[in-house]
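Tertiary structure, described
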Amino acid sequence: MQRPNWAPDDIDIERPSVARMYDYYLGGSHNFAADRAAARSMMEAVPDAPLMAQANRAFMRRAVQYLIDQGIRQFLDIGSGIPTVGNVHEIAQRAAPDARVVYVDVDPVAVAHSREILDGNPDATVIQEDLRRPEAILRHPDVTRLLDFSQPVAVLVVAVLHFIPDADRPQEVLRTLRTALAPGSHLVLSQASDESRSDTGQRAEAERVYRRTDNPLWIRNRAELTVFFDGFELVEPGVVWVPQWRPESPESAEDAEQAIFIGGVGRLGG
Amino acid sequence: MASDDSVGETAAGPRHSSRPGTFARAWAKAVSGTSYLPMTQAQLEALLQRLTERLAAALRAEPFDPRVGHQVGAELVAAHIASAEGLGRTVEIIQLRLIRDLGLVADDVEDRMARLLSTVTTGYARALRDRTLDEQESIRRAAMMARAQAERALRDSESRFRHQATHDPLTDLPNRTLFTERLTAAIGEPARGADRVGVCFLDLDRFKVVNDSLGHQVGDELLVSVARRLRLALPEHLVARLGGDEFVILVERTTRVDDVVQVAEAALAAVGEPVRVDGHELTVTASIGIVERPVTGTTPGELMRAADSTLHWAKAAGGARWSLFDPERHRTELARYALSAAIPAAIDRGEFFLDYQPLTSLRDGTVLGVEALVRWRHPELGILGPGRFISLAEETGLIVRLGGWVLAEACREAESWSGGPTPAPFVSVNLAVRQVHRPGLVQEVRALLGRTGLPPERLQLEITESTMMSTAEEPVQALRVLADLGVRIAIDDFGTGYSNLAYLRDLPVTELKVAGEFVTGLRAPTVDPASRTDERILASLVSLAHALDLTVTAEGVETAGQADRLRAIGCDAGQGWYFGRPGPADRLLGRAPALSTAAVGADGPAGV
């Protein structure tokens with residue numbers, strides 16, 4: 001984080017990227033050998049890893065649909081990764097053609113890829129920034145150009161916080177974001193949890209795999225994630241296993257704890 | 001063929017689908033979770049219902065059309081049902097349930113089913129392969145773009161870094177680094193026809209006043225404005241800021257010094273334009289040192305030192321002007337500098353020594369005292385008189401050390417003169433302003449007297465009027481203590497300086513030494529009006545001194561006539577070539593003073 005502004009990022013495709021590993025879990029081919037090798041190691045340790053990625057992706061889809069139904073038309077998706085299958089702007093703009101979306105990611109390859117996908121879409125763009133620099137995100141010209149912070153905005157920090165250790169002060173980051181938001185804005189959070197898992201070996205192995213990336217894992221439980229909604233009113237059903245969050249059918253919420261991810265949606269009152 | 005209604009399927013065509021039937025729902029369930037499907041379960045079922053209808057139609061169609069299977073396979077992939085598991089389960093469910101759930105009947109149904117599955121899997125595999133390749137290409141392109149962007153950012157940052165390293169942040173002018181690079185290149189690798197080079201070293205006059213009175217903010221804005229005006233006025237030359245209010249202009253490919261003079265005049269004009277800074281109308285001037293010379297035989301350092309000296313000449317001449325480098329003057333200054341730098345080591349090596357000049361009584365011709373005069377036996381330049389180095393030592397502050405040495409040496413030598421038949425003369429030592437103003441003078445003199453055993457009354461300290469011009473109390477206090485000890489205090493060069501008689505009231509002065517220029521007038525015939533004026537001044541000074549109980553010594557006495565007239569006035573003592581040139585103590589004290597009227601002759605003061 002202390003890298004000087006003028007120092008460019010290093011592009012090293014020999015190093016696994018969490019964005020491309022996630023793409024692999026989702027069945028995509030936007031990944032390189034190093035990403036696949038790391039993802040396969042992860043799947044050996046945690047065979048449900050693809051399922052959890054899918055469940056998390058489905059949670060995001062339902063959350064965006066919910067937000068559209070609430071009248072939200074502006075989305076700030078921080079840690080968007082490789083927005084291939086079922087990305088926010090597709091879901092949002094299909095439901096509401098006037099919806100505007102700004103993606104934020106720290107991974108330069110993910111950003112370059114997003115830029116290609118969004119080429120020609122005047123209402124969606126991507127910037128390269130770090131969640132840990134919320135002020136830089138909020139004052140980025142592309143963000144201020146596309147999003148009107150005097151109107152409600154949905155901020156999505158989905159499947160990202162488990163890469164942010166407490167030392168990086170995620171709560172302060174979220175507070176900074178919150179203070180920029182108008183009443184009626186929403187916050188969508190999800191992250192890996194190990195509350196359901198008694199097998200600590202799995203967690204240790206998962207942590208070992210992610211140490212190969214730039215983003216080591218930082219697991220949190222439900223109480224810890226709930227704290228991040230400070231200042232927001234949690235929308236029903238609160239912070240839950242992601243398949244339990246407003247499921248489309250009762251069956252789809254079965255074995256929800258297998259999903260490993262917990263998540264929720266908060267609304268800024270006032 | 002079974003009734004379509006029984007299973008909720010319809011053959012109405014691909015454009016219009018009915019509600020998902022049993023088969024489509026089972027299919028949807030089978031492929032759920034095989035990969036991420038960006039749709040709701042209902043949307044998935046609707047999609048699969050549509051595909052089910054097409055498969056059913058294909059099974060019935062005559063003749064069998066393989067393209068339908070290919071399309072269904074491709075559509076599955078397009079809908080992201082695009083995993084190995086997704087294909088496996090699709091094949092399984094079609095094989096197991098399609099015919100049964102749809103109630104399809106045909107003679108060759110098994111045969112048709114085999115062909116249908118073959119075409120679906122073929123279409124699926126083709127589409128998945130294409131999609132995989134497309135995605136690989138797309139992510140590789142993204143990596144390349146990201147890398148290209150990173151490299152561009154690196155280049156940008158390098159050039160930005162280079163700019164930062166070579167430019168002054170305040171004015172954005174090139175800085176010393178870039179200037180030195182360009183000057184070094186101009187001298188080291190001159191282009192064809194660029195065998196001469198010039199620089200203008202520019203410094204604002206009294207810039208400190210602006211800074212001190214209007215604040216640094218205004219000072220900085222003024223510098224920015226000066227920088228802008230210089231750059232505009234001299235677009236074809238490199239204008240750099242070296243720091244502070246120092247700017248330098250590199251003039252390449254000169255043919256003669258006039259080329260650089262023109263640049264300097266343009267620069268002075270540009271700087272001199274009135275400018276409005278923060279509500280203040282400011283007009284500043286500048287001084288410029290100009291050096292122009294062939295590139296061969298010079299170095300950047302030498303050129304810049306020359307320009308720096310030249311700038312100081314322009315400053316010393318009052319500023320708002322340029323000065324041209326003068327090698328002779330530069331050499332002199334360098335020599336002076338070298339001389340002053342050599343003083344401390346010369347003291348350590350014992351290169352200084354003292355000569356003495358007698359202060360002779362006009363009444364009886366006895367040598368009352370001697371003035372110590374410092375000499376430098378320079379290893380290369382020979383013996384140097386005080387005129388060559390005292391002012392340098394005063395400028396640099398070395399005078400304190402050198403003066404201390406002179407005082408100590410004079411006391412040491414003078415002590416050895418006693419013991420003769422007549423009283424030994426006192427020794428008179430000049431004290432520089434800095435010595436007088438230094439705390440610790442009293443202790444120094446007291447310690448010297450204690451160490452050498454010289455009686456205090458045989459030491460005379462000569463100070464100039466200007467030494468006393470300062471209003472500081474400490475020097476007066478120190479001199480008073482010394483006078484109380486018995487040390488003689490003389491005012492040197494009396495009558496040429498400030499001549500404020502008030503200090504005579506405060507100071508414990510013993511003697512006035514009247515400057516030689518009054519004495520010079522006495523050489524002329526007494527009828528010369530100027531000479532008479534000098535004589536009257538001298539007479540007044542003598543009567544004033546006597547009224548205050550002071551003795552008077554006239555300096556610069558060169559003739560017997562002058563001595564006679566001084567004696568007639570009542571002057572107490574004389575010093576000058578007529579009485580004796582400066583020389584070593586033994587020679588001086590061993591021979592008679594050349595005094596025409598006094599009958600001391602060879603019996604002069606005691607020998608050593």
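Cut-offs used in this document
- Residues numbered from 1 in each chain as written.
- Chains lettered and ligands numbered in written order.
- Predicted model: local features only at pLDDT ≥ 70, side-chain atom pairs only at ≥ 80, totals over all residues.
- Helix = DSSP H or I, 4+ residues; strand = E, 2+ residues; numbered from the N terminus.
- Buried ≥ 20, exposed ≤ 12 C-beta atoms within 10 Å, placed from the backbone.
- Contact = placed C-beta atoms within 7 Å.
- Pairing = 2+ DSSP bridges.
- Axes fitted to C-alpha atoms, helices over the stretch in contact; angles between N-to-C directions.
- Nonpolar A, V, L, I, M, F, W, Y, C, P; charged D, E, K, R; others polar.
- pLDDT = per-residue confidence, 0-100.

Per an unreviewed UniProt entry, chain B carries the name Diguanylate cyclase/phosphodiesterase and comes from Micromonospora halophytica.

As annotated in an unreviewed UniProt entry, chain A carries the name O-Methyltransferase involved in polyketide biosynthesis and comes from Micromonospora halophytica.

Within chain A, the regular secondary structure consists of 10 helices and 8 strands. Put simply, chain A has 270 residues, and 50% of those count as buried. Within chain A, counting contacts between residues at least 6 apart in sequence, those at least 24 apart form 73% of the total.

Next up on the list: the overall build of chain B. Of the regular secondary structure elements, chain B holds 21 helices and 16 strands. Residues counted as buried form 38% of the 608 residues belonging to chain B. In chain B, 68% of the contacts between residues at least 6 apart in sequence involve partners at least 24 apart.

Quick look at the sheet that holds strand S6 (residues 286–294) of chain B now. In sheet architecture, strand pairing relies on hydrogen bonds along the backbone and comes in two forms, parallel and antiparallel. Residue and element names in this part refer to chain B. Strand order across the open sheet formed by 5 strands is S2-S3-S1-S6-S7, with mixed pairing between neighbours. Each edge of the open sheet is held by one strand with a lone partner, namely strand S2 (238–243) and strand S7 (321–324). Within the sheet, the average angular offset between the axes of one strand and its neighbour, ignoring direction, is 20 degrees. Across 4 bridges, S6 lies against S7 in parallel orientation.

To continue, consider the interface of chain A and chain B. At the interface, 28 residues of chain A touch 27 residues of chain B. Sorting the residues of the side of chain A that touches chain B by element identifies helix H3 (49–69) and helix H5 (108–118) of chain A as the ones contributing at least two each. No other element matches H5 of chain A, which puts 6 residues into the side of chain A that touches chain B. In terms of residue class, the side of chain A that touches chain B is made up of 13 nonpolar, 10 polar and 5 charged.

What follows concerns the confidence of the model for chain A. Here chain A averages 89 in pLDDT, and 94% of its residues register 70 or above. Per-element mean pLDDT across chain A ranges from 76 in helix H9 (residues 200–210) of chain A up to 98 in strand S1 (residues 74–78) of chain A.

All names here are of chain B. Mapped onto the secondary structure, Thr 298 falls in the loop between S6 and helix H10 (300–316). Take Thr 298: there are 15 C-beta atoms within 10 Å of it, and that puts it in the partly exposed class. A sequence separation of 110 residues divides Thr 298 from Gly 188, and the C-alpha atoms of the two residues are 9.4 Å apart. Not counting chain neighbours up to four residues away, the residues in contact with Thr 298 comprise Ile 187, Arg 293 and Leu 303.

Let us now look at H5 of chain A. Within H5 of chain A, burial applies to Pro 108, Val 109, Ala 110, Val 111, Ala 112, His 113 and Ser 114 of chain A. After H5 of chain A finishes, the residue Gly 120 of chain A shows a positive phi value of roughly 90 degrees.

All names here are of chain A. On the secondary structure map, Asp 142 appears in helix H7 (residues 141–146). Distance from Asp 142 to Ile 127, taken between C-alpha atoms, is 7.3 Å for residues 15 residues apart in sequence. In contact with Asp 142, not counting residues within four places along its chain, are Val 102, Thr 125 and Ile 127.

What follows is about the pairing of strand S9 (residues 367–378) of chain B. All names here are of chain B. Direction of pairing for strand S8 (residues 352–361) relative to S9: antiparallel, over a ladder of 9 bridges. Residue pairing in the sheet places Thr 360 in a bridge with Val 367 of S9. In sequence, S8 turns back onto S9 through a hairpin of 5 residues, with Gly 365 there showing a positive phi of about 75 degrees. One ladder, built from 3 bridges, connects S9 with strand S10 (residues 382–384); its direction is antiparallel. Residue pairing in the sheet places Arg 377 in a bridge with Ile 383 of S10. Linking S9 to S10, which pair antiparallel, is a turn of 3 residues.

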